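Residue-level listing of the chains:
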Amino acid sequence: MALERTFSILKPDVTRRNLTGAVNAAIEAAGLRIVAQKRVHMTRGQAETFYGVHRERPFFGELVEMMTAGPVVVQALEGENAIAKYREVMGATNPEKAAAGTIRKQFALSMGENSVHGSDAPETAAQEIAQWFAGNELVG
Ligand code: IDP
Ligand code: MG
């Protein structure tokens, strides 16, 4: 299987509770390598662009508020089958439904404040990485 990259965000509920190291430990324990990482405070415009696919959903306003409420850590992760692997390590969107041992089961507070984002497909992974990182910031 080929080496793949996915895009990750440690959401404001993680930075607020000082859990960035704990979440990164779970990422690395799963065999994913953090090949780019930076802490940013998203603007409303950046959050709206990033989650544009959900613009018509009833939770969109709440989602943008939550993503801009504090700093986040944006990351690119690399590994075998990284996109599916990270979705597995993250767990279900609703933490009550997330499997034992997953990041969301361990750390998420609610459906909204669910600690992490991970890309859902190769096309979105490439777009999301390009939205946040220049080529020379990715060091595998
Ligand atoms: P995902 O993050 O597991 O891919 P998506 O359906 O793409 O889930 O939703 C994006 C994000 O929007 C979720 O991670 C969560 O933060 C938020 N979200 C999704 N559904 C709801 C909801 O019903 N209420 C509040 N926030 C939600
Ligand atoms: Mg999604």
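Above: the structure in question.
Quantities reported herein were computed from a predicted structural model and do not represent experimental measurements.

Enquirer: Help me understand the sheet that holds strand 2 (residues 33-40), please; the structure alone is not making it clear to me.
Expert: Each strand in a sheet pairs with another by means of backbone hydrogen bonds, the pair being arranged parallel or else antiparallel. Pairing within the open sheet is antiparallel, and its four strands lie in the order 2-3-1-4. Strands with a single pairing partner mark the edges of an open sheet, and in this sheet they are strand 2 and strand 4 (116-118). Taken pair by pair, the neighbouring strands of this sheet meet at an average axis angle of 20°, ignoring direction. In this sheet, strand 4 lies alongside strand 1 (residues 3-10) in antiparallel orientation, the contact comprising three bridges.

Enquirer: Hey, could you run me through the site of ligand 1 in this one?
Expert: By nearness alone, 13 residues border ligand 1, and K11, R87, T93, G112 and N114 come closest of all. Interatomic distance of 2.5 Å between a side-chain N/O atom of T93 and an oxygen atom of ligand 1. Contact between ligand 1 and R104: an oxygen atom at 3.0 Å from a side-chain N or O atom of the residue. Calculation on ligand 1 without its partners gives an accessible area of 530 Å², and the protein chains cover 81% of this total.

Enquirer: Please explain the nonpolar core as it appears in this structure.
Expert: Proteins that are soluble and globular tend to have nonpolar side chains buried together. With 21 residues, the main nonpolar core has F7, I9, M67, V74, W132 and F133 as its most contacted residues. Considering each element in turn, this core owes the most residues, five residues, to helix 4 (residues 60-67). Not counting the four nearest positions on each side in its chain, F133 is found in contact with F7, A36, Q37, K38, V74, Q75, A76 and L138. Within the second largest apolar cluster, 16 residues are counted, among which are L19, I27, L32 and Y86.

Enquirer: Help me out: how do you make sense of the pattern of salt bridges in this one?
Expert: Throughout the structure, instances matching the rule amount to six salt bridges. Of the charged contacts in the structure, one is a salt bridge between R5 and E78, with a shortest N-O distance of 2.8 Å. Of this pair, R5 sits in strand 1 while E78 sits in strand 3 (residues 72-80), placing them 73 residues apart in sequence. The exposure class assigned to R5 is partly exposed, which follows from its relative accessible area of 30%. On the basis of relative accessible area, E78 is assigned to the buried category, the value being 13%. As a salt-bridge pair, E113 and R16 come within 3.0 Å of each other at their nearest N and O atoms.

Analysis parameters
- Residues numbered from 1 in each chain as written.
- Chains lettered and ligands numbered in written order.
- Predicted model: local features only at pLDDT ≥ 70, side-chain atom pairs only at ≥ 80, totals over all residues.
- Heavy atoms only, no water.
- Pairing = 2+ DSSP bridges.
- Helix = DSSP H or I, 4+ residues; strand = E, 2+ residues; numbered from the N terminus.
- Axes fitted to C-alpha atoms, helices over the stretch in contact; angles between N-to-C directions.
- Near = heavy atom within 4 Å.
- Polar contact = N/O pair within 3.5 Å; in protein donor to acceptor, adjacent residues only side chain to side chain.
- Areas by Shrake-Rupley, 256 points an atom, 1.4 Å probe, with all protein chains shown as cover.
- Core = buried A, V, L, I, M, F, W, Y, C linked by side-chain atoms within 4.5 Å.
- Buried < 20%, exposed > 50% of the residue type's maximum accessible area, 1.4 Å probe, protein only.
- Contact = heavy atoms within 4.5 Å.
- Salt bridge = Lys/Arg side-chain N within 4 Å of Asp/Glu carboxyl O.

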